[in-house]
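# Remarks on the overall topology
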Amino acid sequence: MNPLQQRILEQGVVKSAAALDASAFLTKQVDAALLNWCANAIAEQFRDANIDKVVTIEAGGIAIGTLTALALNKPLVVCKKAASILDNAELYTAEVKSFTKNTQYTLTCDKRHITAGEKVLFVDDFLAHGQALLGMKSVCEQAGAELAGLGIVIEKSFQEGRGIAEQLALPILSLARLKSLEHGIEFH
């Protein structure tokens, strides 16, 4: 059992058969040492993939994205969920449904930050239904960049996200794969 799985068992709270609260160590309070272990594991997996940039989506992915980019010595691009008056007028956009928040948002990325021919590693805190992954895939396609891999802290394997990654033939590393939350936390 890896350190992340151990922490999930100790401090993860099952909210329903579909929801795990990891706020004590991952989302609202961040255990930086644990997340650094996660980032180094992701970086090691993709070290030889010739990644040009690490990308993530605000806000949950920023911490793991930052540490992974640091471990790979590559820039981090943070895609936004809401437009800002500071945004460049030239944006890649994709519509994404958030099941956790039961909302739809427009994923945006400044066109200056991802360019044609770049190999991009998408890093995020959770993989569930795969909608953020599809949004990031769309952004990369618009840019002419290659989505070259997916690094995930916690995957809910009982939802559609992994299947989407496999359909895209995307190399994936999930550090904790949840098999079920029906009767407590079960890992693959």
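Residues numbered from 1 in each chain as written. Predicted model: local features only at pLDDT ≥ 70, side-chain atom pairs only at ≥ 80, totals over all residues. Heavy atoms only, no water.

## Overview of the nonpolar core
Keep this limit in mind: As used in this record, nonpolar core signifies buried Ala, Val, Leu, Ile, Met, Phe, Trp, Tyr and Cys residues forming a set joined through side-chain atoms within 4.5 Å. Working definition: with a 1.4 Å probe on protein chains only, accessible area under 20% of the residue-type maximum means buried, over 50% means exposed, and in between means partly exposed. For helices the rule is a DSSP run of H or I covering at least 4 residues; for strands it is a run of E covering at least 2, with both sets numbered from the N terminus onward. Throughout, a residue-residue contact means that at least one pair of heavy atoms, one from each residue, lies within 4.5 Å.
One finds Leu4, Ile8, Ile42, Ile64, Leu121, Val153 and Ile154 to be the most contacted residues of the largest nonpolar core, which totals 30 residues. Listing elements by their share of this core, those giving two or more residues are helix H1 (3–11), helix H2 (23–27), helix H3 (32–46), helix H4 (62–72), strand E7 (119–127), strand E8 (146–156) and strand E9 (172–180). When residues in this core are grouped by element, the largest group, seven residues, is from H3. Once you skip the residues sitting within four places of it in the chain, Leu121 turns out to touch Ile42, Phe46, Ile51, Lys53, Val54, Val55, Thr68, Leu72, Gly149, Leu150 and Gly151.

## Regarding the side chain of Thr68
Within the secondary structure, Thr68 is located in helix H4. Those residues within four positions of Thr68 in sequence are excluded, and the remaining contacts are Ala39, Ile42, Ala43, Val54, Leu121 and Val123.

## Looking at the sheet that holds E8
As a reminder of what qualifies: In this description, strands pair whenever DSSP reports at least two bridges between them. Structural elements are reduced to axes, namely lines fitted to C-alpha atoms, with helices fitted over the stretch in contact, and the angle between N-to-C directions of any two is expressed from 0 to 180 degrees.
An order of E4-E3-E7-E8-E9-E10 is seen for the six strands of this open sheet, with the pairing classed as mixed. The open sheet has two edge strands with one neighbour each: strand E4 (76–79) and strand E10 (186–187). H1 contacts E8, E9 and E10 of the sheet and is inclined by roughly 35° relative to E9. The strands touched by helix H5 (residues 131–143) within the sheet are strand E3 (53–57), E4, E7 and E8, with E7 carrying the most contacts at an inclination of about 165°.

## Let's talk about the state of the cysteines
Condition: Counting rule for disulfides: a pair of cysteine sulfur atoms within 2.5 Å.
With the rule as written, the count across this model stands at zero disulfides. Distance from the sulfur of Cys79, which forms no disulfide, to the nearest cysteine sulfur (Cys109) is 3.9 Å.

## A few points about the packing of aromatic side chains
So the rule is basically this: Stacked, tilted and edge-to-face pairs are distinguished by plane angle, under 30 degrees for stacked and over 60 for edge-to-face with tilted covering the rest, among Phe, Tyr and Trp rings (Trp via its six-membered ring) whose centres lie within 6.5 Å. Sitting over a ring, as applied to charges here, requires NZ of Lys or CZ of Arg to be within 6 Å of the ring centre and within 35 degrees of the ring normal.
Enumeration over the complete set of coordinates arrives at zero aromatic pairs. Stacked on the ring of Tyr105, the Lys or Arg Lys81 has its end atom at 5.2 Å from the ring centre.

## Some words on the environment of Lys80
Inspection of the secondary structure puts Lys80 in the loop between E4 and strand E5 (91–98). For Lys80, a relative accessible area of 33% puts it in the partly exposed group. For the pair Lys80 and Pro3, spaced 77 residues apart in sequence, the C-alpha separation works out to 30 Å.

## Considerations on H4
Defined as follows: This arc describes the spread of directions from the helix axis toward the C-beta atoms.
Listed as buried for H4 are Ile64, Gly65, Thr68, Ala69 and Leu72. For H4, the buried positions fall inside an angular range of 130° around the axis, keeping them on one side. Buried residues along H4 sit in contact with H3, E3, E4, E7 and E8. Once H4 ends, the next one or two residues include Asn73, with phi positive near 55°.

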